[in-house]
Amino acid sequence: MEISDDKIFLFTSKQELLIYSMVGETILDTVLLQPKLYPDGQVEAYLNNSLHSIFHFKNTIYSLGSNPSDIYKFDLQNREISRQRIKLGERGLHDILSTSNDHMIVSFLDPPRNTVHLFSVDFPNLKPRKLAQVTPTAGKNTFATFEFRDSLYLLETLKEGLWSIKDEKVSLVQENFFLDSILHKGELKGVRELSEYTGLAPWLRNQHHPDILISVLQIKEDLAYFLVKKLNRTEPKAPEFDLILYRLSGKDLESKHLEGFQFAKLDTETKTFLGFTYENWAIAISNLDSLVGSN
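Here's a quick rundown of the structure.

What counts and what doesn't
Residues numbered from 1 in each chain as written. Predicted model: local features only at pLDDT ≥ 70, side-chain atom pairs only at ≥ 80, totals over all residues. Heavy atoms only, no water. Helix = DSSP H or I, 4+ residues; strand = E, 2+ residues; numbered from the N terminus. Buried < 20%, exposed > 50% of the residue type's maximum accessible area, 1.4 Å probe, protein only. Contact = heavy atoms within 4.5 Å. Areas by Shrake-Rupley, 256 points an atom, 1.4 Å probe, with all protein chains shown as cover. Core = buried A, V, L, I, M, F, W, Y, C linked by side-chain atoms within 4.5 Å. Pairing = 2+ DSSP bridges. Axes fitted to C-alpha atoms, helices over the stretch in contact; angles between N-to-C directions. Phe/Tyr/Trp six-rings, centres within 6.5 Å; stacked < 30°, edge-to-face > 60°. Salt bridge = Lys/Arg side-chain N within 4 Å of Asp/Glu carboxyl O.

## Comments concerning the overall build of the protein chain
Broken down by element type, the protein chain carries two helices and 23 strands. In the protein chain, which comprises 295 residues, the share counted as buried stands at 47%. For the protein chain, the share of sequence-separated contacts (at least 6 apart) that also reach a separation of at least 24 residues comes to 35%. When the accessible surface of the protein chain is summed, it comes to about 15,600 Å², and 47% of that surface belongs to carbon and sulfur atoms.

## Things to note about the nonpolar core
The biggest cluster of nonpolar side chains holds 18 residues, and the ones touching the most others in it are Leu-155, Phe-177, Phe-178, Leu-179, Leu-213, Phe-226 and Tyr-246. Among the elements of the structure, strand E13 (143–148), strand E14 (151–156), strand E17 (212–220), strand E18 (223–231) and strand E19 (241–249) are those that each provide at least two residues to this core. The residues touching Leu-179, leaving out its near neighbours within four places in the chain, are Leu-155, Leu-213, Phe-226 and Val-228. Judged by nonpolar contacts, the second largest core, of 16 residues, contains Leu-231, Leu-245, Phe-261 and Phe-273.

## Remarks on the sheet that holds E19
Spatial ordering of the open sheet is given by E17-E18-E19-E20, a layout of four strands whose pairing is antiparallel. Of all the strands in the sheet, just E17 and strand E20 (252–257) have a single pairing partner and so form its edges. Going from strand to strand, the sheet's axes swing by 20° on average, the running direction of each strand aside.

## Re the packing of aromatic side chains
Under the defined criterion, the tally for this structure stands at six aromatic pairs. Residues Phe-55 and Phe-57 carry aromatic rings whose centres are separated by 6.5 Å and whose planes lie at 15° to one another, so their mutual orientation is stacked. Each member of the pair, Phe-55 together with Phe-57, is buried. Taking 5.3 Å as the distance between ring centres and 85° as the angle between the ring planes, the aromatic pair formed by Phe-261 and Phe-273 counts as edge-to-face.

## Thoughts on the pairing of strand E4 (residues 26–31)
Two elements, strand E3 (residues 16–21) and E4, share five bridges in a ladder whose sense is antiparallel. Looking at the pairing, Leu-18 lines up with Asp-29 of E4. The turn linking E3 back onto E4 is made up of four residues, and Gly-24 within it adopts a positive phi angle of 90°.

## Description of unusual backbone geometry
The backbone of Asn-59 sits at a positive phi, close to 65°, despite the residue not being glycine. Here Asn-59 is to be found in the loop between strand E5 (51–56) and strand E6 (60–65). Taking the relative accessible area as the measure of exposure, Asn-59 reaches 38% and is therefore partly exposed. Phi angles above zero are rare outside glycine, and Leu-126 is one such case at about 60°. Position of Leu-126 relative to the elements: it lies in the loop between strand E11 (115–122) and strand E12 (128–134).

## Focus on the environment of Glu-254
Its place among the elements puts Glu-254 in strand E20. In this structure the C-alpha to C-alpha distance between Glu-254 and Tyr-225, which are 29 residues apart in sequence, comes to 9.7 Å.

## Some thoughts on the sheet that holds strand E1 (residues 2–3)
A sheet is described by the order of its strands in space; here four strands give the open sequence E1-E2-E3-E4, paired in antiparallel fashion. In the strand order of this sheet, the two ends are held by E1 and E4, each with one partner. Across two bridges, the pairing between E1 and strand E2 (residues 7–11) is antiparallel. Within E2, the residue paired with Glu-2 across the bridge is Phe-9.

## Quick look at the pattern of salt bridges
Between side chains of opposite charge, a pair can form as their charged atoms come close. All chains considered together, the criterion is met by six salt bridges. Between Arg-247 and Glu-254 there is a salt bridge, with its nearest N and O atoms 2.1 Å apart. Looking at Arg-247, the relative accessible area reads 12%, which means it is buried. Overlapping salt bridges, with partners in common, bring together Asp-211, Lys-230 and Arg-233 in one network.

Dropping the structure here:
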C-alpha cells in the first residue's frame, strides 16, 4: 500500500493496481502485469516475472520485478507501462524492503551463493548503490529494514538479532531482539509442485511462509513501532492472519491486535499508521500511542 497527498494505492496478490480517493471512491482498477490465475484464485509464480511491491513517485507507480531485476513504471496520467532493467543481478530474487521520498532499499538473493545483496535505488535516475552483503542463516528467510539517522538497520526474521549497516559494513547491534520471541521460528514446509500449493486452504498455505514484518517506524533511540503480520498455521476456521502493532519503549513492550484491516503500513515520512479496512475505508492515525494498549 502507498499513500499520496490525496490518493491511496493498493497492490494485490494478483498484480492488480487499485487506486482510491481519500473517501474510498474508486479511481482506477487495472492489472500491471498479467499473471496466470488458477481456478481457486491463486497466482502462478514467475510467469515472465512477478511483482510484489509498489512505490509512488511523481505521478508514476514503480514496481520491482522479482526475477530478473526489472523496474516496471506505470504512468498514472497516460496509463502506460514501461520497463527498465537495473543491474542488481540477472538471476535471483529481488524484493523492495523499504521506501522513502527519494529512494528504495532493495534486497537481491543469489541462491547458488546463498548471499543477499542490499542496494539503495535512487529516484528518479534509478541508479543502484550497493550497501552491504550478508549471508542468510535459514532457508526461506525474509528481511525487514528501517533507516534511522545515518544508518540502515536490518532484521533477518528467521534469525536472531539486529544489524546496523553503514558504509558497506555490517555490525551486530543486538544478539537478541524482542521480535525473536514473536515471529514464527519453526520449520517451514517445502513444495514439490506448484499445484500442491495452490490447492491448499489459506491456513495450510501459511505453513510454507514465515511471519511478515510489514514496516518499522523508529521515532527516537528508545522508541520504535513495529507492524507485524502473523500468519495462522493451525486453525482452519480462524482468520488467515493477524495484524499486530508493537511499541518498544526502552525495554517495555506493548501490543495491539488491529482487527478489520486488510492492508496496513507505518509511513516513515509522516510517522503515521495507515490502514485500509475490509469495508473499503482508509484510516490514518498520527497518534500511534492511541492505537497501542491492552487488547
